[in-house]
Amino acid sequence: MSLFLKDATFVNWETLEFKKSNLKVNQGANGKVEFIETIPLKTRADQIINCQGKFVTKSFGNAHHHIYSVLSRGMPAPKTTPENFYEILKYVWWNLDKKLDIAMIEASALYAAMESLKSGVTFVIDHHSSPFAIEGSLETIAGAFEFLGVSHLLCYEISDRDGMQTGVEGFTQTEHYLKSSQGLVGLHASFTLSDHSLRRAALLVEKFKSGVHIHVAEDQYDQDHCKINYKKTVVDRLNDFGFLNSSKTILAHCLHLSKSEKKLINESPAWVVENIESNLNNNVGCFNAKGLGSQIMLGTDGMHSDMLRSAQYAYFTGQLTNNVNMADIYTRFRNVHHYIQNNGFAGDCENNLVILDYPSPTEMNSENFLGHFIYGFNSKNVEHVISKGEIVVKDRKLVNMNEEDILGFAREMGNKLWKKLRE
Ligand SMILES: [Zn+2]
(Lines give C-alpha, C1' and ligand atoms only; values in the text may rest on other atoms or scores of the structure.)
Protein backbone atom coordinates (compact mmCIF):
# COMPACT_ATOMS: atom_id res chain seq x y z
CA MET A 1 0.00 0.00 0.00
CA SER A 2 1.45 3.36 -1.03
CA LEU A 3 1.06 6.65 0.79
CA PHE A 4 0.21 9.88 -1.00
CA LEU A 5 1.44 13.24 0.28
CA LYS A 6 -0.91 15.88 -1.11
CA ASP A 7 0.30 19.40 -1.97
CA ALA A 8 3.68 18.89 -0.34
CA THR A 9 6.71 21.15 -0.52
CA PHE A 10 9.56 18.69 -0.92
CA VAL A 11 13.03 19.76 0.23
CA ASN A 12 15.85 17.72 -1.31
CA TRP A 13 18.17 17.02 1.65
CA GLU A 14 21.30 17.15 -0.51
CA THR A 15 20.69 20.05 -2.91
CA LEU A 16 18.17 21.92 -0.68
CA GLU A 17 16.08 22.36 -3.82
CA PHE A 18 12.36 23.01 -3.12
CA LYS A 19 9.64 21.42 -5.23
CA LYS A 20 5.87 21.73 -4.80
CA SER A 21 4.16 18.52 -5.81
CA ASN A 22 2.03 15.56 -4.81
CA LEU A 23 4.22 12.65 -3.74
CA LYS A 24 3.70 8.93 -4.00
CA VAL A 25 5.62 7.06 -1.31
CA ASN A 26 6.04 3.37 -2.04
CA GLN A 27 6.44 0.88 0.79
CA GLY A 28 9.33 -1.41 1.63
CA ALA A 29 13.07 -1.00 2.04
CA ASN A 30 13.47 -0.27 -1.68
CA GLY A 31 10.32 1.82 -2.06
CA LYS A 32 10.76 4.95 -4.17
CA VAL A 33 9.39 8.43 -3.64
CA GLU A 34 7.76 9.71 -6.84
CA PHE A 35 6.56 13.17 -7.84
CA ILE A 36 3.08 12.78 -9.32
CA GLU A 37 0.70 15.25 -10.94
CA THR A 38 -2.54 13.89 -9.52
CA ILE A 39 -3.46 11.43 -6.83
CA PRO A 40 -5.56 8.58 -8.27
CA LEU A 41 -9.25 9.23 -7.67
CA LYS A 42 -9.90 5.87 -6.08
CA THR A 43 -7.42 6.22 -3.24
CA ARG A 44 -8.45 5.39 0.29
CA ALA A 45 -8.66 8.46 2.49
CA ASP A 46 -6.27 6.97 5.09
CA GLN A 47 -3.57 6.68 2.39
CA ILE A 48 -3.56 10.43 1.78
CA ILE A 49 -1.76 12.89 4.05
CA ASN A 50 -2.63 16.51 3.48
CA CYS A 51 0.69 18.37 3.31
CA GLN A 52 -0.62 21.78 2.31
CA GLY A 53 1.83 24.32 3.74
CA LYS A 54 4.04 21.52 5.14
CA PHE A 55 7.64 20.66 4.29
CA VAL A 56 8.66 17.11 3.43
CA THR A 57 12.28 16.02 3.58
CA LYS A 58 14.47 13.04 4.44
CA SER A 59 14.16 11.98 8.07
CA PHE A 60 17.16 12.18 10.41
CA GLY A 61 19.79 9.85 11.89
CA ASN A 62 21.66 9.71 15.21
CA ALA A 63 25.30 8.60 14.90
CA HIS A 64 26.02 7.94 18.59
CA HIS A 65 23.36 7.06 21.14
CA HIS A 66 23.21 5.08 24.41
CA ILE A 67 19.67 3.87 24.93
CA TYR A 68 20.85 2.31 28.20
CA SER A 69 20.85 5.74 29.84
CA VAL A 70 17.13 6.40 29.27
CA LEU A 71 16.08 5.45 32.82
CA SER A 72 18.67 7.77 34.35
CA ARG A 73 16.55 10.89 34.01
CA GLY A 74 15.92 12.18 37.55
CA MET A 75 17.60 9.18 39.16
CA PRO A 76 18.97 9.30 42.73
CA ALA A 77 22.31 11.08 43.10
CA PRO A 78 25.35 8.78 43.32
CA LYS A 79 26.55 7.88 46.84
CA THR A 80 29.87 9.56 46.10
CA THR A 81 29.86 12.86 44.26
CA PRO A 82 32.06 12.60 41.16
CA GLU A 83 34.77 15.21 40.83
CA ASN A 84 36.14 14.40 37.40
CA PHE A 85 35.31 12.51 34.20
CA TYR A 86 36.64 9.16 35.42
CA GLU A 87 34.57 9.45 38.59
CA ILE A 88 31.46 10.37 36.57
CA LEU A 89 31.85 7.06 34.74
CA LYS A 90 32.71 5.12 37.88
CA TYR A 91 30.08 6.47 40.27
CA VAL A 92 27.26 7.18 37.80
CA TRP A 93 27.31 5.21 34.53
CA TRP A 94 29.24 2.09 35.53
CA ASN A 95 27.02 1.83 38.58
CA LEU A 96 23.85 2.20 36.52
CA ASP A 97 24.73 -0.10 33.62
CA LYS A 98 25.60 -2.98 36.01
CA LYS A 99 22.05 -2.89 37.43
CA LEU A 100 20.25 -3.17 34.08
CA ASP A 101 18.27 -6.29 33.23
CA ILE A 102 16.68 -7.29 29.93
CA ALA A 103 13.25 -5.82 30.80
CA MET A 104 14.85 -2.47 31.69
CA ILE A 105 16.77 -2.57 28.41
CA GLU A 106 13.57 -3.20 26.51
CA ALA A 107 11.84 -0.28 28.25
CA SER A 108 14.83 1.97 27.50
CA ALA A 109 14.89 0.93 23.85
CA LEU A 110 11.15 1.44 23.39
CA TYR A 111 11.28 4.90 24.95
CA ALA A 112 14.40 5.90 22.97
CA ALA A 113 12.77 4.67 19.75
CA MET A 114 9.60 6.64 20.51
CA GLU A 115 11.55 9.79 21.37
CA SER A 116 13.70 9.38 18.25
CA LEU A 117 10.75 8.95 15.89
CA LYS A 118 8.85 11.87 17.42
CA SER A 119 11.98 13.97 16.79
CA GLY A 120 12.09 12.87 13.13
CA VAL A 121 14.90 10.33 13.63
CA THR A 122 14.41 6.99 11.84
CA PHE A 123 17.96 5.59 12.08
CA VAL A 124 19.90 5.17 15.34
CA ILE A 125 23.49 4.02 15.80
CA ASP A 126 23.60 2.80 19.40
CA HIS A 127 26.45 1.84 21.72
CA HIS A 128 25.06 -0.42 24.43
CA SER A 129 26.31 -1.46 27.87
CA SER A 130 24.68 -3.76 30.45
CA PRO A 131 27.50 -5.88 31.99
CA PHE A 132 25.18 -8.22 33.88
CA ALA A 133 22.57 -8.59 31.13
CA ILE A 134 24.72 -8.94 28.03
CA GLU A 135 23.26 -12.01 26.37
CA GLY A 136 20.33 -11.05 24.18
CA SER A 137 20.69 -7.32 24.91
CA LEU A 138 21.27 -6.29 21.28
CA GLU A 139 18.45 -8.52 20.03
CA THR A 140 16.14 -6.88 22.61
CA ILE A 141 17.06 -3.38 21.41
CA ALA A 142 16.71 -4.40 17.76
CA GLY A 143 13.28 -5.90 18.45
CA ALA A 144 11.99 -2.77 20.18
CA PHE A 145 13.38 -0.48 17.48
CA GLU A 146 11.92 -2.51 14.65
CA PHE A 147 8.53 -2.81 16.32
CA LEU A 148 8.20 0.97 16.36
CA GLY A 149 9.88 1.58 12.98
CA VAL A 150 13.46 2.64 13.80
CA SER A 151 16.31 1.27 11.68
CA HIS A 152 19.55 0.65 13.52
CA LEU A 153 23.22 -0.17 13.68
CA LEU A 154 23.97 -1.62 17.12
CA CYS A 155 26.98 -2.79 19.07
CA TYR A 156 27.75 -4.07 22.55
CA GLU A 157 30.32 -1.97 24.45
CA ILE A 158 33.10 -4.48 25.20
CA SER A 159 35.27 -3.53 28.17
CA ASP A 160 37.63 -5.12 30.67
CA ARG A 161 36.43 -2.82 33.46
CA ASP A 162 34.11 -5.40 35.06
CA GLY A 163 36.47 -8.36 34.94
CA MET A 164 37.25 -11.24 32.64
CA GLN A 165 33.79 -12.84 32.57
CA THR A 166 31.87 -9.78 31.34
CA GLY A 167 34.65 -9.07 28.84
CA VAL A 168 34.25 -12.55 27.37
CA GLU A 169 30.45 -12.23 27.31
CA GLY A 170 30.76 -8.94 25.42
CA PHE A 171 32.72 -10.70 22.69
CA THR A 172 30.26 -13.61 22.63
CA GLN A 173 27.25 -11.30 22.28
CA THR A 174 28.98 -9.30 19.54
CA GLU A 175 29.90 -12.37 17.55
CA HIS A 176 26.45 -13.91 17.96
CA TYR A 177 24.73 -10.70 16.89
CA LEU A 178 26.98 -10.02 13.90
CA LYS A 179 26.30 -13.50 12.53
CA SER A 180 22.71 -12.54 11.75
CA SER A 181 22.48 -8.73 11.87
CA GLN A 182 24.28 -5.63 10.68
CA GLY A 183 26.24 -4.08 13.51
CA LEU A 184 29.64 -2.96 14.71
CA VAL A 185 32.27 -4.20 17.15
CA GLY A 186 31.63 -1.98 20.17
CA LEU A 187 34.50 -1.04 22.44
CA HIS A 188 34.26 1.20 25.49
CA ALA A 189 37.47 3.23 25.35
CA SER A 190 41.22 2.66 25.21
CA PHE A 191 41.57 3.06 28.99
CA THR A 192 39.33 0.10 29.84
CA LEU A 193 40.68 -2.31 27.22
CA SER A 194 43.83 -4.42 27.38
CA ASP A 195 45.96 -5.20 24.34
CA HIS A 196 44.64 -8.73 24.54
CA SER A 197 41.03 -7.49 24.16
CA LEU A 198 41.92 -5.11 21.34
CA ARG A 199 43.64 -7.96 19.50
CA ARG A 200 40.51 -10.05 19.90
CA ALA A 201 38.36 -7.16 18.69
CA ALA A 202 40.61 -6.80 15.63
CA LEU A 203 39.97 -10.47 14.81
CA LEU A 204 36.20 -9.86 14.98
CA VAL A 205 36.50 -6.79 12.77
CA GLU A 206 38.40 -8.89 10.25
CA LYS A 207 36.02 -11.84 10.47
CA PHE A 208 32.86 -9.79 9.89
CA LYS A 209 34.47 -7.12 7.66
CA SER A 210 33.17 -4.64 10.23
CA GLY A 211 34.50 -1.60 12.07
CA VAL A 212 34.75 -0.56 15.71
CA HIS A 213 32.54 1.94 17.52
CA ILE A 214 34.60 3.40 20.37
CA HIS A 215 34.95 6.48 22.60
CA VAL A 216 38.18 8.29 21.78
CA ALA A 217 39.92 10.90 23.97
CA GLU A 218 36.67 12.09 25.49
CA ASP A 219 38.76 13.33 28.40
CA GLN A 220 42.49 13.88 28.85
CA TYR A 221 42.37 10.87 31.19
CA ASP A 222 42.17 8.54 28.17
CA GLN A 223 45.41 9.99 26.76
CA ASP A 224 47.26 10.04 30.10
CA HIS A 225 46.32 6.42 30.75
CA CYS A 226 47.49 5.39 27.29
CA LYS A 227 50.80 7.20 27.54
CA ILE A 228 51.59 5.71 30.96
CA ASN A 229 50.53 2.16 30.12
CA TYR A 230 51.27 1.82 26.41
CA LYS A 231 53.78 4.65 25.75
CA LYS A 232 51.72 5.98 22.86
CA THR A 233 48.70 8.15 22.10
CA VAL A 234 45.15 6.75 21.96
CA VAL A 235 44.79 7.14 18.20
CA ASP A 236 48.23 5.58 17.59
CA ARG A 237 47.20 2.66 19.77
CA LEU A 238 43.92 2.13 17.91
CA ASN A 239 45.72 2.50 14.59
CA ASP A 240 48.25 -0.15 15.61
CA PHE A 241 45.36 -2.61 15.81
CA GLY A 242 44.15 -1.59 12.33
CA PHE A 243 40.90 0.00 13.53
CA LEU A 244 41.39 3.18 11.51
CA ASN A 245 41.52 1.22 8.26
CA SER A 246 37.76 0.69 8.07
CA SER A 247 35.23 3.20 6.75
CA LYS A 248 32.78 1.53 9.17
CA THR A 249 34.81 2.61 12.22
CA ILE A 250 33.18 5.27 14.39
CA LEU A 251 35.34 7.33 16.76
CA ALA A 252 33.11 9.14 19.24
CA HIS A 253 34.18 12.47 20.77
CA CYS A 254 37.86 12.93 19.63
CA LEU A 255 38.41 15.92 21.93
CA HIS A 256 41.93 15.63 23.33
CA LEU A 257 44.01 14.86 20.26
CA SER A 258 47.42 16.01 19.06
CA LYS A 259 47.91 17.41 15.58
CA SER A 260 49.43 14.16 14.41
CA GLU A 261 46.50 12.12 15.75
CA LYS A 262 44.06 14.40 13.95
CA LYS A 263 46.10 14.01 10.77
CA LEU A 264 45.99 10.24 11.11
CA ILE A 265 42.19 10.32 11.44
CA ASN A 266 41.85 12.83 8.59
CA GLU A 267 43.84 10.57 6.27
CA SER A 268 41.93 7.45 7.33
CA PRO A 269 38.50 6.27 6.13
CA ALA A 270 37.18 6.26 9.74
CA TRP A 271 34.37 8.57 10.91
CA VAL A 272 34.20 10.92 13.90
CA VAL A 273 31.06 11.74 15.91
CA GLU A 274 30.60 15.05 17.69
CA ASN A 275 28.44 14.92 20.86
CA ILE A 276 28.67 18.49 22.05
CA GLU A 277 25.91 18.52 24.68
CA SER A 278 27.48 15.52 26.41
CA ASN A 279 30.89 17.23 26.30
CA LEU A 280 29.41 20.31 27.96
CA ASN A 281 27.56 18.20 30.53
CA ASN A 282 30.69 16.28 31.53
CA ASN A 283 32.87 19.40 31.42
CA VAL A 284 35.49 17.60 29.33
CA GLY A 285 36.10 20.39 26.82
CA CYS A 286 34.48 21.29 23.51
CA PHE A 287 34.66 19.44 20.24
CA ASN A 288 36.84 21.22 17.67
CA ALA A 289 36.69 19.90 14.10
CA LYS A 290 39.89 21.64 12.99
CA GLY A 291 42.26 19.14 11.41
CA LEU A 292 39.84 16.21 11.61
CA GLY A 293 38.73 16.34 7.98
CA SER A 294 35.20 16.15 6.68
CA GLN A 295 33.98 12.76 7.92
CA ILE A 296 32.20 14.10 10.98
CA MET A 297 28.69 13.15 12.12
CA LEU A 298 26.54 14.23 15.06
CA GLY A 299 25.25 12.20 17.99
CA THR A 300 23.44 12.67 21.28
CA ASP A 301 25.58 10.33 23.44
CA GLY A 302 22.49 9.17 25.34
CA MET A 303 21.52 12.67 26.53
CA HIS A 304 18.27 12.53 24.49
CA SER A 305 17.18 11.55 20.98
CA ASP A 306 16.57 14.91 19.33
CA MET A 307 19.04 15.50 16.50
CA LEU A 308 17.76 18.97 15.57
CA ARG A 309 18.61 20.08 19.10
CA SER A 310 22.07 18.50 18.85
CA ALA A 311 22.74 20.25 15.54
CA GLN A 312 21.78 23.62 16.98
CA TYR A 313 24.01 23.11 20.04
CA ALA A 314 26.85 22.12 17.71
CA TYR A 315 26.39 25.34 15.77
CA PHE A 316 26.23 27.67 18.78
CA THR A 317 29.07 26.02 20.69
CA GLY A 318 31.05 25.83 17.46
CA GLN A 319 31.13 29.64 17.42
CA LEU A 320 33.38 29.51 20.48
CA THR A 321 35.75 26.89 19.12
CA ASN A 322 36.27 27.26 15.40
CA ASN A 323 33.71 29.56 13.84
CA VAL A 324 31.60 26.85 12.24
CA ASN A 325 29.07 27.99 9.68
CA MET A 326 25.54 26.73 9.18
CA ALA A 327 26.49 24.63 6.16
CA ASP A 328 29.23 22.85 8.17
CA ILE A 329 26.68 21.83 10.79
CA TYR A 330 24.06 20.78 8.26
CA THR A 331 26.71 18.63 6.56
CA ARG A 332 27.62 16.96 9.89
CA PHE A 333 23.92 16.48 10.66
CA ARG A 334 23.36 14.75 7.32
CA ASN A 335 26.67 12.86 7.08
CA VAL A 336 25.10 9.90 8.88
CA HIS A 337 23.30 9.06 5.61
CA HIS A 338 26.61 8.98 3.72
CA TYR A 339 28.16 6.80 6.43
CA ILE A 340 25.27 4.30 6.26
CA GLN A 341 24.93 4.25 2.49
CA ASN A 342 28.64 4.22 1.59
CA ASN A 343 29.16 1.26 3.92
CA GLY A 344 26.22 -0.66 2.47
CA PHE A 345 24.19 -0.77 5.70
CA ALA A 346 20.42 -1.20 5.30
CA GLY A 347 17.61 0.90 6.71
CA ASP A 348 18.34 4.47 5.65
CA CYS A 349 15.80 4.28 2.86
CA GLU A 350 14.71 6.79 0.26
CA ASN A 351 11.18 6.52 1.68
CA ASN A 352 12.22 7.55 5.20
CA LEU A 353 10.61 10.97 5.43
CA VAL A 354 9.67 13.63 7.91
CA ILE A 355 6.77 16.04 7.41
CA LEU A 356 7.37 19.32 9.15
CA ASP A 357 4.61 21.67 10.22
CA TYR A 358 6.75 24.77 10.36
CA PRO A 359 4.75 27.98 10.50
CA SER A 360 7.59 30.46 10.07
CA PRO A 361 7.12 34.23 10.39
CA THR A 362 9.38 34.55 7.32
CA GLU A 363 9.58 32.81 3.97
CA MET A 364 11.70 29.68 3.71
CA ASN A 365 13.37 28.76 0.41
CA SER A 366 16.47 27.02 -0.95
CA GLU A 367 18.68 30.03 -0.27
CA ASN A 368 17.77 30.55 3.38
CA PHE A 369 16.88 26.96 4.41
CA LEU A 370 19.95 26.68 6.66
CA GLY A 371 18.94 29.77 8.64
CA HIS A 372 15.61 28.09 9.40
CA PHE A 373 17.37 24.81 10.20
CA ILE A 374 19.56 26.49 12.83
CA TYR A 375 17.25 29.17 14.25
CA GLY A 376 13.76 27.87 13.56
CA PHE A 377 13.28 24.11 13.45
CA ASN A 378 12.62 22.04 16.52
CA SER A 379 11.16 18.61 17.16
CA LYS A 380 7.71 20.11 17.81
CA ASN A 381 7.56 20.79 14.06
CA VAL A 382 7.72 17.04 13.38
CA GLU A 383 4.08 16.26 12.54
CA HIS A 384 4.33 12.96 10.67
CA VAL A 385 7.18 10.49 10.14
CA ILE A 386 7.45 7.80 7.47
CA SER A 387 9.86 4.89 7.83
CA LYS A 388 10.36 2.47 4.92
CA GLY A 389 7.26 3.94 3.33
CA GLU A 390 5.05 3.32 6.36
CA ILE A 391 3.67 5.99 8.61
CA VAL A 392 5.17 5.57 12.11
CA VAL A 393 4.27 8.95 13.62
CA LYS A 394 0.94 10.54 12.70
CA ASP A 395 -0.24 13.90 14.05
CA ARG A 396 2.73 13.83 16.47
CA LYS A 397 1.63 10.49 17.93
CA LEU A 398 3.34 7.14 17.66
CA VAL A 399 1.45 4.74 15.40
CA ASN A 400 2.72 1.26 16.25
CA MET A 401 2.27 1.33 20.03
CA ASN A 402 0.34 3.23 22.63
CA GLU A 403 2.62 5.96 24.01
CA GLU A 404 1.11 5.68 27.51
CA ASP A 405 2.00 1.98 27.58
CA ILE A 406 5.64 2.76 26.78
CA LEU A 407 5.78 5.51 29.40
CA GLY A 408 4.10 3.29 32.01
CA PHE A 409 6.51 0.42 31.34
CA ALA A 410 9.52 2.78 31.38
CA ARG A 411 8.49 4.33 34.71
CA GLU A 412 7.95 0.91 36.25
CA MET A 413 11.38 -0.21 35.08
CA GLY A 414 12.87 3.13 36.16
CA ASN A 415 11.59 2.63 39.70
CA LYS A 416 12.98 -0.91 39.74
CA LEU A 417 16.37 0.39 38.62
CA TRP A 418 16.40 3.26 41.11
CA LYS A 419 15.55 0.87 43.96
CA LYS A 420 18.62 -1.15 43.02
CA LEU A 421 20.71 2.02 42.85
CA ARG A 422 19.66 2.95 46.42
CA GLU A 423 20.54 -0.49 47.87
ZN1 LIG B 1 29.09 7.64 24.22
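In case you missed it, the structure is sitting above this.
Source: prediction; values computed, not measured. (Residues numbered from 1 in each chain as written. Predicted model: local features only at pLDDT ≥ 70, side-chain atom pairs only at ≥ 80, totals over all residues. Heavy atoms only, no water.)

Caption draft 1: Structural view of the overall build of the protein. Broken down by element type, the protein carries 13 helices and 17 strands. Since a compact globule built from 423 residues should have a radius of gyration of about 22 Å, the 21 Å found for the protein is in line with a globular shape. C-alpha extents for the protein along the principal axes are approximately 70 × 45 × 40 Å. When contacts within the protein are restricted to residue pairs at least 6 apart in sequence, those whose partners lie at least 24 apart make up 75%. Considering the protein, the positive charge centre built from 43 side chains and the negative charge centre built from 49 side chains are found 1 Å apart. (Helix = DSSP H or I, 4+ residues; strand = E, 2+ residues; numbered from the N terminus. Rg over C-alpha atoms; globule rule 2.2 N^0.38 Å. Contact = heavy atoms within 4.5 Å. Lys, Arg positive; Asp, Glu negative; His and termini not counted. Charge placed at Lys NZ, Arg CZ, Asp CG, Glu CD.)

Caption draft 2: Representation of the state of the cysteines within the structure. All chains considered together, the criterion is met by zero disulfides. For the unlinked cysteine C226, the closest cysteine sulfur is that of C254, found at 13 Å. Judged by its relative accessible area of 0%, C226 is buried. This cysteine, C286, is not joined by any disulfide, and C254 carries the nearest cysteine sulfur, 15 Å off. (Disulfide = S-S within 2.5 Å. Buried < 20%, exposed > 50% of the residue type's maximum accessible area, 1.4 Å probe, protein only.)

Caption draft 3: Broad picture of the coordination of the zinc ion. Those protein atoms acting as donors to the zinc ion are H64 (NE2), H66 (NE2), H215 (NE2) and D301 (OD), and they sit at 2.0 to 2.1 Å. Counting residues between consecutive donors of the zinc ion along the chain gives the motif H-x1-H-x148-H-x85-D. Exposure class is identical for H64 and H66. Each is buried. (Donors = N, O, S within 2.8 Å, 3.2 Å for Na, K, Ca; no water.)

Caption draft 4: View of the nonpolar core. V216, F243 and F373 are the most contacted members of the largest nonpolar core, which has 105 residues in total. At 10 residues, helix 2 (residues 102-118) tops the list of elements feeding residues into this core. Beyond its immediate sequence surroundings of up to four residues, F243 is in contact with L187, L198, A201, A202, V205, V212, L238 and T249. (Core = buried A, V, L, I, M, F, W, Y, C linked by side-chain atoms within 4.5 Å.)

Caption draft 5: Here's a closer look at the sheet that holds strand 9 (residues 185-189). Within the open sheet, the five strands sit side by side as 9-10-11-12-13. Their pairing is parallel. Edge positions in the sheet fall to strand 9 and strand 13 (296-298), since each of these pairs with one other strand and no more. If you compare each strand with its neighbour and ignore which way they point, the axes differ by 25 degrees on average. In terms of strand pairing, strand 10 (residues 212-216) meets strand 11 (residues 250-253) through four bridges, oriented parallel. Its bridge partner lying in strand 11, H213 is registered against I250. (Pairing = 2+ DSSP bridges. Axes fitted to C-alpha atoms, helices over the stretch in contact; angles between N-to-C directions.)

Caption draft 6: Summary view of the packing of aromatic side chains. The tally for this structure, following the rule as stated, stands at 22 aromatic pairs. Ring centres of Y330 and F333 lie 6.2 Å apart, and the angle between their planes is 35 degrees; this geometry places the pair in the tilted category. Remark: F333 and Y330 occur in helix 11 (residues 326-342); sequence separation between them is three residues, near one turn of the helix. For F333, a relative accessible area of 3% puts it in the buried group. One residue, R200, lies across the ring of F171, its end atom 4.5 Å from the ring centre. (Phe/Tyr/Trp six-rings, centres within 6.5 Å; stacked < 30°, edge-to-face > 60°. Lys NZ or Arg CZ within 6 Å of the ring centre and 35° of its normal.)

Caption draft 7: Examining the packing of helix 2 against helix 13 (residues 403-422) more closely. Across the interface, helix 2 lies against helix 13 with an axial gap of 9 Å and an inter-helix angle of 135 degrees. If you check the angle between helix 2 and helix 13, you find them oblique. Once helix 2 is placed against helix 13, the crossing between them reads as left-handed. Listed contacts from helix 13 to A103, M104, E106, A107, L110, Y111, M114 and K118 of helix 2 are E403, I406, L407, F409, A410, M413, K416, L417 and K420. Here the residues of the contact of helix 2 with helix 13 sort into 12 nonpolar, no polar and five charged. (Parallel < 35°, antiparallel > 145°, perpendicular 65-115°, else oblique. Left-handed = near helix turned anticlockwise from the far one by under 90°. Nonpolar A, V, L, I, M, F, W, Y, C, P; charged D, E, K, R; others polar.)

Caption draft 8: Geometry of the sheet that holds strand 7 (residues 121-126). Strand order in this open sheet of three strands is 6-7-8, and the pairing throughout is parallel. Sheet topology places strand 6 (60-65) and strand 8 (151-153) at the edges, where each strand pairs with a single neighbour. Averaged over all pairs of adjacent strands, the angle between their axes in this sheet comes to 20 degrees, without regard to strand direction. Direction of pairing for strand 6 relative to strand 7: parallel, over a ladder of four bridges. When the bridges of strand 7 are listed, G61 appears paired with F123. Across the sheet, helix 11 touches strand 6, strand 7 and strand 8, and the angle it forms with strand 6 is around 85 degrees.

Caption draft 9: Spatial organisation of the side chain of D306. Residue placement: D306 occurs in the loop between strand 13 and helix 10 (307-321). Buried charge without a salt bridge: D306, with R309 as the nearest opposite-charge side chain at an N-O distance of 5.8 Å. Contacts of D306, omitting those with residues within four sequence positions, involve S119, T300 and S379. (Salt bridge = Lys/Arg side-chain N within 4 Å of Asp/Glu carboxyl O.)

Caption draft 10: Spatial organisation of helix 1 (residues 85-96). Along its 12 residues, helix 1 runs 16 Å from first to last C-alpha, staying within 8% of the 16 Å computed at 1.5 Å per residue. Listed in full, the buried residues belonging to helix 1 are F85, I88, L89, V92, W94 and L96. Seen from one end, helix 1 has its buried residues packed into an arc of 165 degrees, which puts them on one side. Those residues of helix 1 that are buried are in contact with strand 9, helix 9 (276-282) and helix 13. You can read the cap of helix 1 off the contacts: a side-chain oxygen lies 3.2 Å from the backbone nitrogen of Y86, and it is on N84. (Expected span 1.5 Å × (residues − 1). Arc of directions from axis to C-beta. Polar contact = N/O pair within 3.5 Å; in protein donor to acceptor, adjacent residues only side chain to side chain.)

Caption draft 11: Here's a closer look at unusual backbone geometry. In this structure, H253 is a non-glycine residue whose phi angle is positive, near 85 degrees. On the basis of relative accessibility, which here comes to 1%, the residue H253 falls in the buried class. The phi dihedral of C254 is positive, around 55 degrees, even though this residue is not glycine.

Caption draft 12: Structural detail: helix 3 (residues 137-148). Counted at 1.5 Å a residue, the expected span for helix 3 with its 12 residues is 16 Å, and the 17 Å between its end C-alpha atoms agrees. Three or more residues of helix 3 are buried, namely S137, L138, T140, I141, A142, A144, F145 and L148. The positive-phi residue at the C-terminal boundary of helix 3 is G149, with phi of around 110 degrees.

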